[in-house]
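For reference, the chains in residue letters:
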Amino acid sequence: MTIQIVGNGEVGIMADISIKELIEEMVQSDPHKIILSGGRGEYRKVVFERKIIGGKRCFQIERYTEKQVFHQNIDEGELEEALAGDLQDGFRQINMFSAREEWDVKISKKGKVAVNKRHTENKLITVQGNNRRKKYILEEGMDIPVFTHLGIFTKDGKVVHSMYDKFKQINRFAEIVDNVMKSYNKPSINIVDFGCGKSYLTFIVYYYLHEVKGLDVHITGLDLKEQVIKDCNALAEQFGYTGLKFELGDINGYKTDVDVDMVMTLHACDVATDYALYNAICWNAQYILSVPCCQHELNKQMHSDELAALTRYGIIKERIAALATDSIRGHMLEACGYKTDIMEFIDIAHSPKNLLIRAVKKNVSPDRRKKALKDAEALCEEFGFRQTLMEMIKADGRI
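To keep things clear, this report deals only with the structure shown in the data block. (Residues numbered from 1 in each chain as written. Predicted model: local features only at pLDDT ≥ 70, side-chain atom pairs only at ≥ 80, totals over all residues. Heavy atoms only, no water.)

Some remarks on the nonpolar core
In summary, soluble globular proteins display a tendency toward joint burial of nonpolar side chains.
Working step 1: Residues L138, F147, F173, M181, F203, L209 and M262 are the most contacted members of the largest nonpolar core, which totals 52 residues.
Working step 2: Among the elements that take part in this core, helix α5 (residues 200-212) stands out by supplying eight residues, more than any other.
Working step 3: Core analysis: the second largest hydrophobic core is formed by 38 residues, L222, A372, C380 and F385 among them. (Core = buried A, V, L, I, M, F, W, Y, C linked by side-chain atoms within 4.5 Å. Buried < 20%, exposed > 50% of the residue type's maximum accessible area, 1.4 Å probe, protein only. Helix = DSSP H or I, 4+ residues; strand = E, 2+ residues; numbered from the N terminus.)

Here it is, written out as C-alpha cells:
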C-alpha cells in the first residue's frame, strides 16, 4: 500500500506503509480528536475524542448508526487498538486533529490511501469533561417490571440513587444486544442463556426485544440450581412473559431442537464458558455474547522458558492466563467464521470480570480464519496450553 502525503505545498511519497503504521503515526501525533467517516459496515461514523471523566484522561468513542449513537470510554493507551478494530469496517475517510497537525486521509475502494497533512500553529487544547446527560435505551419512566422487582426503579419509575451503577450496567448490556442485532430482519428470535443464574439480564433482554423492539421472542435459560430455576419460572409467569422459560441442566451436552439465533453466557465458570461457545458454534448461532468467569484452566498449565517472568508471580500468572484464555476463545470463534471483538463490558472498578466476547457470524475470509487458528496455536505452544474450546473444535473437525 502506498500513502501520498500532501501538505504545505509539497508532495511526498511514503512507500509500502500499512494501515497499522498509519495508525501508529496518528497516535504518536498526540491527537485530541479522530473522526472515521464513510463507513460501509454497521457504523456510518466513529468519533474518538479526548476527555476527562472522573478526573482521569481517556478517550470517549461515539459510534453512529443511521438512527443511534453508542458510547464507550477507553484508556489513552487503548487508542491504537480501538482504531485498528474500527477501521476493519471499511471507513473511507479519517480526519485527525492534534495541537500541531491536522490530517485528512482518503481511502479508495482498492485500499489506496492519500493523506493531506497540514501543519498548524501550536494550539492550546482544552480537554473537556463529560457533563452531558446520556440517553439510555431503557429510560426512567418506562414500565419495566424487572427494574421495580430489583429495586432499581421506584414505584413511579425513577432510578433509585444507590442503584444507578446497576442501572447503567444493565443498559450497557441492552446497548450491546441492540448493536449486534442491527442487521437482524426476522420477526422472531430464539435465544439460549447458559448459566442464567437469577436471570436479571435474561428478563431485561426479553423485555427489550419483545416489548420495545416488537419481536416474537423465545428465550431458554439453563442453570444447575433447582431453586433458581423454580424462582425464575415463577417470575416469568408473574410478568406474563410467555416466551421465557427456564430449565434445569448442564451446559455440556445440552441439546435443543430449536434453531438458535443467539447464545448468551454471563459468568459461566471456567470451562463452562467453552461448552457454551462450542454449542453456539455447533448450532451456527448468528450472535454470541459471553462474559467469561473464573478462567482457571490455563493457569494450572502455564509455563514458558522464554517468558518465565510472566509466570513467576502468582497474581500476574493468574491474570495473564485469564487473558490468554479469552484471547484463544476469540481466535477460535474467528477461525469458525465469526467476526469477534473482546470489549470492556463494565468499568473494572465495579467488577474485575468485565470483559465481554462479542461474536457475529460473518463471511470471514479463509485467510483470516487460518491466521486466527495459527495465532491461537502459537500462543498455546509458547505456554504449553491445551485449551478446552480449541480441543473440542479440533476433535469435531470444524477447523
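Considerations on the pattern of salt bridges
Working step 1: Summed over all chains, the structure comprises 22 salt bridges.
Working step 2: Between K245 and E247 there is a salt bridge, and its shortest N-O distance comes to 3.5 Å.
Working step 3: Among the ionic pairs, R329 bridges to D274, the shortest N-O distance being 2.8 Å. Of this pair, R329 sits in helix α8 (residues 314-335) while D274 sits in helix α7 (residues 272-283), placing them 55 residues apart in sequence. (Salt bridge = Lys/Arg side-chain N within 4 Å of Asp/Glu carboxyl O.)

Some words on the packing of α8 against helix α10 (residues 388-395)
Working step 1: Their axes nearest at 9 Å, the elements α8 and α10 cross at an angle of 25°. Classified by the angle their axes make, α8 and α10 are roughly parallel. Here α8 contributes I328, R329 and M332 to the contact with α10, which in turn contributes L389, M390 and I393.
Working step 2: In terms of residue class, the contact of α8 with α10 is made up of five nonpolar, no polar and one charged. (Axes fitted to C-alpha atoms, helices over the stretch in contact; angles between N-to-C directions. Parallel < 35°, antiparallel > 145°, perpendicular 65-115°, else oblique. Contact = heavy atoms within 4.5 Å. Nonpolar A, V, L, I, M, F, W, Y, C, P; charged D, E, K, R; others polar.)

A look at a nonpolar patch on the surface
Working step 1: A cluster of nonpolar side chains, namely Y313, I315 and I316, defines an oily patch on the protein surface of about 280 Å² accessible area.
Working step 2: Positionally, Y313 belongs in the loop between β14 (287-293) and α8.
Working step 3: Given the relative accessible area of 46%, Y313 is considered partly exposed. (Patch = residues over 30% accessible without salt bridge, like charges linked within 9 Å, V, L, I, M, F, W, Y side chains within 5 Å. Areas by Shrake-Rupley, 256 points an atom, 1.4 Å probe, with all protein chains shown as cover.)

Remarks on the side chain of D193
Working step 1: When you line up the elements, D193 lands in strand β10 (residues 188-194).
Working step 2: Apart from residues lying up to four places away in sequence, D193 is in contact with T202, T220, G221, L222, M264 and T265.

Regarding the sheet that holds β14
Working step 1: Judged by pairing direction, the sheet is mixed, and its seven strands sit side by side in the order β12-β11-β10-β13-β14-β16-β15 without closing on themselves. The sheet is open, and its two borders are formed by β12 (244-248) and β15 (338-344), each paired with just one other strand. Between one strand axis and the next, the sheet turns by 15° as a mean value, whatever way the strands run.
Working step 2: Examined bridge by bridge, β10 and strand β13 (residues 262-269) share four bridges and lie parallel to one another. Across the sheet, the residue bridging to D193 is M264, located in β13.
Working step 3: Contacts from helix α6 (residues 226-239) reach β11 (216-223) and β12, with the element oriented near 165° to β12.
Working step 4: Packed on one face of the sheet, α7 meets β10, β13, β14 and β15 and runs near 170° to β13. (Pairing = 2+ DSSP bridges.)

A word on unusual backbone geometry
Working step 1: We note that H267 has phi near 65°; this positive angle belongs to a residue other than glycine.
Working step 2: Under the relative-accessibility criterion, H267 is labelled partly exposed at 40%.
Working step 3: Despite not being glycine, C294 has its phi angle at roughly 50°, a positive value.

Considerations on the packing of aromatic side chains
Working step 1: Tallied over the entire structure, the rule returns 14 aromatic pairs.
Working step 2: Aromatic pair F194 and W283: ring centres 5.9 Å apart, planes at 25°, arrangement stacked. Taken as a pair, F194 in strand β10 and W283 in helix α7 lie far apart in primary sequence, 89 residues in all.
Working step 3: Chaining the aromatic ring pairs together yields one cluster made of F203, Y206, F239, Y241 and F246.
Working step 4: The ring of Y64 carries the charged tip of K45 above its face, separated from the ring centre by 4.8 Å. (Phe/Tyr/Trp six-rings, centres within 6.5 Å; stacked < 30°, edge-to-face > 60°. Lys NZ or Arg CZ within 6 Å of the ring centre and 35° of its normal.)

Overview of the packing of α7 against α10
Working step 1: Contact geometry of α7 with α10 gives a least axis separation of 9 Å together with a crossing angle of 35°. α10 is crossed by α7, and the crossing has right-handed handedness. Contact residues: D274, Y275, L277, Y278 and I281 in α7; T388, L389, M392 and I393 in α10. (Left-handed = near helix turned anticlockwise from the far one by under 90°.)

So, the side chain of S37
Working step 1: Within the secondary structure layout, S37 lies in strand β3 (residues 31-37).
Working step 2: Residue class for S37 comes out buried when judged on its relative accessible area of 18%.
Working step 3: Not counting residues within four places of it along the chain, the set of residues in contact with S37 comprises R44, K45, F91, R92 and Q93.

Considering the pairing of β3
Working step 1: Of all the seven residues making up β3, five are buried; the element is thus mostly covered by neighbouring parts of the structure.
Working step 2: Where β3 and strand β7 (residues 93-98) come together, six bridges link them in antiparallel fashion. Its bridge partner lying in β7, S37 is registered against Q93.
Working step 3: Looking at chain direction, β3 and strand β4 (residues 45-53) are connected through five bridges and run antiparallel. Within the sheet, the bridge partner assigned to I35 lies in β4 and is V47.

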